[in-house]
Amino acid sequence: MRRLPLFEIEDQPWCPAAVRDGATDWLAFLGNATEAFVPVVPKITAAMEAAGTHDVLDLCSGAGGPWLSVAPALDAARPGVRVELSDRFPNLPALAHVRDRSGGRVGFRAEPVDATDVPEALGGVRTMFNCFHHFPPEAARAVFADAVAKRRAIAIFEGCDHRALGILGVAAQLPLILALTPLVRPIEVSRLVLTYALPLIPALVLFDGTASMLRLYMQDELRAMIATLDDHASFRWDVGTTRIPRAPVAITHLVGTPR
Ligand SMILES: C[S@@+](CC[C@H](N)C(=O)[O-])C[C@H]1O[C@@H](n2cnc3c(N)ncnc32)[C@H](O)[C@@H]1O
């Protein structure tokens, strides 16, 4: 089944920031609590070695994504790692929270950074977690074209390689979000109200999570997109899946490094 051009509520300008931030806070909490993305560390270190850098620029960071679990593992594999989080709409309190808990490994950019046109001055391996499906094909292609034009390594990771199992996984999050939201830090009154009194955050997670699974780019779609880039042969591309131990689904990865 091909990617469907659906919309997600969190991408709409009318989506209240407290609801959007509540959903990205939950995604970050889940990613870190399960350590589901730690298995992609060798992919990032390989890109860092190929690019000769210890720096990472994370794009579309939302509330920081899985970095509180990934950064220590990355630092153990390549000591001296420095990760900068960024977003087109930076959620500054959440990003500051991640920075403060990261043991000095993670910082953030306070100004907006657009993944389709990253300032030349920002170096490091570009990473994107659980966000590439938000980009419609032309914008998605622009993300790769920008990295190729500026000779920056890029590594994208999407948290599921199977649409149907992914939708089941989204549904399974509903009881979890109700049970575990009090553990999400920093505690926000708005998050508690919008989870229990007026459950717009669980509704958004369910709707957007389902739409996300139907919007995922599968490996053949990613390969076809790369093939349309003018200078794609100047990069080495690794498209595949990374297994998550004990999970029924895997992570789709795409890593591009300058030759
Ligand atoms: C699903 S959320 C966050 C995903 C996050 N990486 C994680 O793992 O939880 C997607 C994020 O992409 C950001 N975004 C959307 N379009 C963008 C663009 N063109 N450039 C940079 N960030 C963008 C949104 O503001 C939002 O915070």
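Before any of the text, the structure's been laid out above.
This section reports on the structure supplied with the text. The structure presented is a predicted model; accordingly, all values stated were derived computationally and were not measured. (Residues numbered from 1 in each chain as written. Predicted model: local features only at pLDDT ≥ 70, side-chain atom pairs only at ≥ 80, totals over all residues. Heavy atoms only, no water.)

**Here's the deal with the packing of helix H5 (residues 137-149) against helix H9 (residues 219-227)**
When two helices pack together, you describe them by how their axes are tilted relative to each other and by the distance separating the axes.
So, point 1. Interaxial distance between H5 and H9 falls to 10 Å at its minimum, and their mutual angle equals 65°. With respect to their mutual orientation, H5 and H9 come out roughly perpendicular. Every pair of crossing elements has a handedness; the one defined by H5 and H9 is right-handed. Between H5 and H9, the contacting residues are Pro-137, Ala-140, Arg-141 and Phe-144 on the first element and Leu-222, Met-225 and Ile-226 on the second.
So, point 2. Of the residues in the contact of H5 with H9, the class split is six nonpolar, no polar and one charged. (Axes fitted to C-alpha atoms, helices over the stretch in contact; angles between N-to-C directions. Helix = DSSP H or I, 4+ residues; strand = E, 2+ residues; numbered from the N terminus. Parallel < 35°, antiparallel > 145°, perpendicular 65-115°, else oblique. Left-handed = near helix turned anticlockwise from the far one by under 90°. Contact = heavy atoms within 4.5 Å. Nonpolar A, V, L, I, M, F, W, Y, C, P; charged D, E, K, R; others polar.)

**Remarks on the site of the ligand**
So, point 1. Every one of the 19 residues lining the ligand counts as a neighbour, but Cys-60, Asp-87, Asp-114, Ala-115 and Phe-129 are closest to it.
So, point 2. Between a nitrogen atom of the ligand and a main-chain N or O atom of Cys-60, the distance comes to 2.9 Å.
So, point 3. Asp-87 places a polar side-chain atom, nitrogen or oxygen, 2.6 Å from an oxygen atom of the ligand. (Near = heavy atom within 4 Å. Polar contact = N/O pair within 3.5 Å; in protein donor to acceptor, adjacent residues only side chain to side chain.)

**Section: the pairing of strand E6 (residues 235-243)**
So, point 1. Relative to strand E7 (residues 250-258), E6 is paired through nine bridges, and the arrangement is antiparallel. Bridge pairing in E7 places Phe-235 opposite Pro-258.
So, point 2. In this structure, the hairpin formed by E6 and E7 is closed by a connection of six residues, where Arg-246 is found at a positive phi of approximately 65°. (Pairing = 2+ DSSP bridges.)

**Structural notes on the nonpolar core**
So, point 1. Judged by nonpolar contacts, the single largest core of 26 residues is most densely connected at Ile-44, Trp-67, Leu-74 and Phe-157.
So, point 2. Elements represented by at least two residues in this core include exactly helix H2 (41-51), helix H3 (67-77), strand E2 (82-85), helix H4 (92-100), strand E4 (125-129), strand E5 (154-158) and E7.
So, point 3. Not counting chain neighbours up to four residues away, the residues in contact with Ile-44 comprise Val-56, Trp-67, Val-70, Leu-74, Thr-127, Phe-129 and Phe-157.
So, point 4. Counting 25 residues, the second-largest nonpolar core is a separate cluster that includes Met-128, Phe-144, Ile-156 and Leu-222. (Core = buried A, V, L, I, M, F, W, Y, C linked by side-chain atoms within 4.5 Å. Buried < 20%, exposed > 50% of the residue type's maximum accessible area, 1.4 Å probe, protein only.)

**Some words on the pattern of salt bridges**
So, point 1. This structure, assessed with the given rule, holds 15 salt bridges.
So, point 2. Here Glu-84 and Arg-109 are joined by a salt bridge, their closest N and O atoms 3.1 Å apart. Taken as a pair, Glu-84 in strand E2 and Arg-109 in the loop between strand E3 (106-108) and E4 lie far apart in primary sequence, 25 residues in all.
So, point 3. Asp-146 serves as the salt-bridge partner of Lys-150, at 2.7 Å between the closest nitrogen and oxygen. Assigned by exposure class, Lys-150 and Asp-146 land together as buried.
So, point 4. Salt bridges here are not isolated pairs; linked through shared partners, they connect Arg-2, Arg-163, Asp-220 and Glu-221. (Salt bridge = Lys/Arg side-chain N within 4 Å of Asp/Glu carboxyl O.)

Read these as geometric descriptors, not functional statements.
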